[in-house]
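Tertiary structure, described
Listed here are the chains, written in short residue letters.
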Amino acid sequence: MIIYLIRHTAVQAPGICYGHHDVPLADTFAAEAAALRAKLPPAPAGGYRTYSSPAARCRALAEAVTSNYTLDERLREMHFGAWENRLWADLPRAETEPWMADYVTLAPPAGETFGALQRRATAFLAELAARTDSADEGPVLVFTHGGTIRAMLAHCLEMPLRNAFQLRIDYASVTKIEQQHGKWNVLATNG
């Protein structure tokens with residue numbers, strides 16, 4: 001089973017800390033969705049097995065590809081708590097500086113840590129792998145967020161989570177992973 005981790009398309013939220021908050025999609029949505037469809041393998045006879053973050057930006061892209069998908073809360077972006085929907089530039093430096101130095105274990109006020117995001121995202125992957133009966137099952141599409149994909153990749157690559165933001169994950173990009181013999185393999189990133 002190959003899992004396609006798909007980041008949502010570009011949004012209109014310049015300088016905004018948006019995490020769980022729904023933000024409008026950029027005017028380029030239709031073109032980005034069309035380009036994404038061209039990157040995906042043909043749908044199997046029964047259709048893709050598809051999962052999406054509940055965020056509107058992910059659901060819109062899932063709907064542009066298939067009419068049948070399952071929402072999963074574990075695929076959401078990191079929750080930034082009290083910082084949600086505020087300009088990064090307006091956030092108190094006394095709060096952001098310590099967090100930026102240790103976002104893996106420190107949470108924004110009333111938010112979650114990057115470590116917590118990774119735990120829920122990798123729980124999703126583990127459950128998905130456990131439900132798969134055979135390696136020849138069709139591709140699985142997962143519509144999610146840049147932070148969530150980075151957290152999953154750090155797990156798959158067994159790299160320290162604090163280094164996950166060294167991985168480039170563009171809007172509407174595809175990252176392919178698979179599990180073989182209990183080990184995750186990264187087949188392609190940021191495609």
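Residues numbered from 1 in each chain as written. Predicted model: local features only at pLDDT ≥ 70, side-chain atom pairs only at ≥ 80, totals over all residues. Heavy atoms only, no water.

The name an unreviewed UniProt entry gives the protein chain is Alpha-ribazole phosphatase, with Hymenobacter nivis as the organism.

**Some words on the nonpolar core**
Counting 34 residues, the largest nonpolar core has I3, F114, F124, L125 and I177 as the members making the most contacts within it. Mapped by element, the contributors of at least two residues to this core are β1 (2-7), α4 (114-131), β6 (140-144) and α5 (146-157). No other element matches the seven residues that α4 contributes to this core. Setting aside anything within four residues of it in sequence, one finds I177 in contact with M1, I2, I3, L5, L125, L153, C156, W184, N185, V186 and L187. One finds F29, L61, A62 and L141 within the second-largest nonpolar core, a separate group that totals 15 residues. (Core = buried A, V, L, I, M, F, W, Y, C linked by side-chain atoms within 4.5 Å. Buried < 20%, exposed > 50% of the residue type's maximum accessible area, 1.4 Å probe, protein only. Helix = DSSP H or I, 4+ residues; strand = E, 2+ residues; numbered from the N terminus. Contact = heavy atoms within 4.5 Å.)

**Some remarks on the environment of N185**
In this fold, N185 is placed in strand β8 (residues 183-188). For N185, a relative accessible area of 24% puts it in the partly exposed group.

**Points about helix α1 (residues 29-39)**
Taken as a whole, α1 has its buried residues at F29, E32, A33 and L36. The buried side chains of α1 occupy one side of the element, clustering within an arc of 100° when seen end-on. Residues A30, A31 and A38 are exposed on α1 and point more than 90 degrees away from its buried face. Packing partners of the buried residues in α1 comprise β1, α2 (56-65), β6 and β7 (174-180). (Arc of directions from axis to C-beta.)

**Let's talk about the sheet that holds β6**
Taken together, the six strands give an open sheet; going across it, the order is β4-β3-β6-β1-β7-β8, and neighbouring strands pair in mixed fashion. Across the chains shown, the open sheet's two edge strands, defined by having one partner strand only, are β4 (70-71) and β8. Note: strand β3 (residues 49-52) against β6, four bridges, orientation parallel. In the strand pairing of β6, S52 is matched with F143. (Pairing = 2+ DSSP bridges.)

**Considering the pattern of salt bridges**
If you walk through the whole model with that rule in mind, you get eight salt bridges. R74 is the partner of E127 in a salt bridge, and the nearest nitrogen-oxygen pair spans 3.1 Å. You can see E127 sitting in helix α4 and its partner R74 sitting in the loop between β4 and β5 (86-87), a full 53 residues away along the chain. Judged by its relative accessible area of 33%, E127 is partly exposed. Between R120 and E112 there is a salt bridge, with the nearest N and O atoms lying 2.5 Å from each other. The exposure class assigned to R120 is buried, which follows from its relative accessible area of 16%. One salt-bridge network, in which partners are shared between bridges, spans D72, R74, E127 and R131. (Salt bridge = Lys/Arg side-chain N within 4 Å of Asp/Glu carboxyl O.)

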